[in-house]
Amino acid sequence: ENIERENLNAIEIALTYQRLIEECKLTHEEMSTRIGKNRSTVSNYIRLLKLPPEIQAAIKDKTLSMGHARAMITIDDPAYLLMVFKKVKEEQLSVRDLERFLKAGPPGSTNKKAAPALPYEYTAVQDRLSSALESKVALKLKSKGKGQILINFNSDDELNRLLDLIEKE
């Protein structure tokens, strides 16, 4: 299938990338080189496949943009994710409005003080690590150039996969 056709939606592209990666045993980096796209672009498309079917369907029929989906992919709580999705549809939020809403946190959140936004350079590093490890990564900055890298995992198998990736480097 020609993945360069203009009428493909983001989910079809993501499924094609995922299929090629699995069948040809490629990394995201190798895939990006073969198709002439940035690695982060490939990773962002594939991350869409982690969204619930209802949201994927909205992306397919283009009632939800790739920008909206990328903002929502960071939500870990499935119930909150679906609530946000319904809010976006009902109120026709722009991507910027959605990002502001998500920055405020879930309703009833006890976290009154939002964490300061990371500078662009650190956000880019965070995204690169997340793509390379295929896992959620957060950078926490402290004073004097110090900080932490937090890598999420959901099972022992995923932890072992992450360890293999890190030790391979």
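Fair warning: this is a prediction, and the values are worked out from it, not measured in the lab.

## Quick look at the environment of Glu12
Part 1 of the argument: With respect to the element layout, Glu12 can be found in helix α1 (residues 10–24).
Part 2 of the argument: Along the chain, Glu12 and Ile59 lie 47 residues apart, while their C-alpha atoms are 9.7 Å from each other.

## Some thoughts on the side chain of Gln126
Part 1 of the argument: One can find Gln126 in helix α8 (residues 120–133).
Part 2 of the argument: The class of Gln126 is buried, set by a relative accessible area of 17%.
Part 3 of the argument: Here Gln126 is in contact with Leu118, Val137, Ala138 and Leu139, once residues within four sequence places are set aside.

## Side note on the nonpolar core
Part 1 of the argument: By size, the foremost hydrophobic cluster in this structure holds 33 residues, and its most contacted members are Leu48, Ile59 and Met72.
Part 2 of the argument: Going through the elements one at a time, α1, α2 (28–35), α3 (39–47), α4 (53–60), α5 (66–72), α6 (78–91) and α7 (95–104) are the ones with two or more residues in this core.
Part 3 of the argument: Among the elements that make up this core, the one with the highest residue count is α1 (6 residues).
Part 4 of the argument: Ile59 has contacts with Asn9, Ala10, Ile11, Leu48, Leu51, Leu64 and Ala69, leaving out every residue within four places of it along the chain.

## As for the side chain of Asn44
Part 1 of the argument: Looking at the secondary structure, you find Asn44 in helix α3.
Part 2 of the argument: Taking the relative accessible area as the measure of exposure, Asn44 reaches 18% and is therefore buried.
Part 3 of the argument: Those residues in contact with Asn44 that sit more than four places away from it in its chain are Met66 and Arg70.

## Structural notes on α4
Part 1 of the argument: For α4, every residue scored as buried is listed here: Ile55, Gln56, Ala58 and Ile59. Angular distribution of buried residues about the axis of α4 spans 155°; they occupy a single face of the element.
Part 2 of the argument: Here the buried face of α4 lies against α1, α5 and α6.

## Remarks on the packing of aromatic side chains
Part 1 of the argument: On inspection of all chains with the given rule, the structure shows 1 aromatic pair.
Part 2 of the argument: Ring geometry for Tyr17 against Tyr45: centres 5.6 Å apart, planes inclined by 85°, an arrangement best described as edge-to-face. Taken together, the positions of Tyr17 in helix α1 and Tyr45 in helix α3 put the pair 28 residues apart, joining distant regions of the chain.
Part 3 of the argument: Residue Tyr45 is classed as buried on the basis of its relative accessible area of 18%.

## Side note on α3
Part 1 of the argument: Of the residues making up α3, those classed as buried are Arg39, Val42, Ser43, Asn44, Tyr45 and Ile46.
Part 2 of the argument: Looking at the buried residues of α3, the elements they touch are α1, α2, α5 and α8.

## A closer look at the pairing of strand β2 (residues 147–151)
Part 1 of the argument: Bridge analysis of strand β1 (residues 137–141) against β2 gives 5 bridges, and the strand direction is antiparallel. Residue pairing for β2: Lys140 is matched across the bridge by Gln148.
Part 2 of the argument: Remark: 5 residues form the turn of the hairpin made by β1 and β2, two consecutive strands paired antiparallel; Lys144 in that turn has positive phi of roughly 60°.

Rules behind the numbers
Residues numbered from 1 in each chain as written. Predicted model: local features only at pLDDT ≥ 70, side-chain atom pairs only at ≥ 80, totals over all residues. Heavy atoms only, no water. Helix = DSSP H or I, 4+ residues; strand = E, 2+ residues; numbered from the N terminus. Buried < 20%, exposed > 50% of the residue type's maximum accessible area, 1.4 Å probe, protein only. Contact = heavy atoms within 4.5 Å. Core = buried A, V, L, I, M, F, W, Y, C linked by side-chain atoms within 4.5 Å. Arc of directions from axis to C-beta. Phe/Tyr/Trp six-rings, centres within 6.5 Å; stacked < 30°, edge-to-face > 60°. Pairing = 2+ DSSP bridges.

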